[in-house]
Amino acid sequence: QVQLVESGGGLVQAGGSLRLSCVASGNIFRINTMGWYRQTPGKQRELVADISSSGFANYVDSVKGRFTISRDNAKNTVYLQMNRLKPEDTAVYYCTLRYVGQNAYWGQGTQVTVSS
């Protein structure tokens, strides 16, 4: 089993920054992909960014140039640096960890609210 605990959400004004962190614990294999999804009421959960254990990162178009995903493999931690935040970035952000061919593990989520 894998447990994921997110932190770093909160309320920020448009144009501001937040940094999300997610620590994974449990039975973790070295080769994995960690990432962040977000969800707003009435909408499907969408991938924001993910990063492989080798460092290959992938972003949704709406956050490219504003968000940066990174990870510390020694600490089993993934980060999401969010800059130039917009009201439309408001959502619950979920951390994930997945292995090839398996369902993802999910964190409980952390609320990010961007005021205009």
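Look a little higher up for the structure.
Residues numbered from 1 in each chain as written. Predicted model: local features only at pLDDT ≥ 70, side-chain atom pairs only at ≥ 80, totals over all residues. Heavy atoms only, no water.

A. Representation of the packing of aromatic side chains within the structure. According to the stated counting rule, one finds four aromatic pairs in the structure shown. Geometrically, the ring pair formed by Y37 and W106 is edge-to-face, given 5.0 Å between the ring centres and 65 degrees between the ring planes. With Y37 in strand 4 (residues 33–39) and W106 in strand 10 (residues 105–106), this residue pair connects regions lying 69 residues apart in the sequence. A ring pair is formed by Y94 and W106, whose centres lie 6.4 Å apart and whose planes are at 80 degrees; its orientation type is edge-to-face. Residue Y94 is located in strand 9 (residues 91–98), and its partner W106 is located in strand 10; the two are separated by twelve residues in the primary sequence. Taking the relative accessible area as the measure of exposure, Y94 reaches 14% and is therefore buried. (Phe/Tyr/Trp six-rings, centres within 6.5 Å; stacked < 30°, edge-to-face > 60°. Helix = DSSP H or I, 4+ residues; strand = E, 2+ residues; numbered from the N terminus. Buried < 20%, exposed > 50% of the residue type's maximum accessible area, 1.4 Å probe, protein only.)

B. Unusual backbone geometry, seen in detail. Even without being a glycine, N76 presents a positive backbone phi close to 50 degrees. On the secondary structure map, N76 appears in the loop between strand 7 (67–72) and strand 8 (77–82). The class of N76 is partly exposed, set by a relative accessible area of 27%.

C. Focus on the side chain of N32. As for its position among the elements, N32 is in the loop between strand 3 (18–26) and strand 4. Owing to a relative accessible area of 5%, N32 belongs among the buried residues under this scheme.

D. Representation of the state of the cysteines in the model. Taken as a whole and assessed by the stated rule, the structure comprises one disulfide. Paired through a disulfide, C22 and C95 show a sulfur-sulfur distance of 2.0 Å. One disulfide, between C22 and C95, carries an S-S torsion of -80 degrees and so falls in the left-handed class. With a gap of 73 residues between them, C22 in strand 3 and C95 in strand 9 connect regions that are remote in the sequence. (Disulfide = S-S within 2.5 Å.)

E. Structural view of the environment of G9. Along the polypeptide, G9 turns up in the loop between strand 1 (2–7) and strand 2 (10–13). Here G9 is in contact with L20, T110, Q111 and V112, once residues within four sequence places are set aside. (Contact = heavy atoms within 4.5 Å.)

F. Main features of the sheet that holds strand 8. Pairing is antiparallel in the open sheet, where four strands are placed in the order 1-3-8-7. Of all strands in the sheet, those with a lone pairing partner are strand 1 and strand 7, marking the two edges. Between one strand axis and the next, the sheet turns through 15 degrees on average, direction left out of account. Two elements, strand 7 and strand 8, share six bridges in a ladder whose sense is antiparallel. When the sheet's bridge partners are listed, F67 is paired in strand 8 with M82. (Pairing = 2+ DSSP bridges. Axes fitted to C-alpha atoms, helices over the stretch in contact; angles between N-to-C directions.)

G. A look at the environment of D72. Relative to the assigned elements, D72 resides in strand 7. Taking the C-alpha atoms as reference points, D72 and G55, separated by 17 residues in sequence, lie 9.7 Å from one another. Apart from residues no more than four positions distant in its own chain, D72 is found in contact with T77 and Y79. A polar side-chain atom of D72 sits 3.1 Å from the main-chain amide nitrogen of A74. (Polar contact = N/O pair within 3.5 Å; in protein donor to acceptor, adjacent residues only side chain to side chain.)

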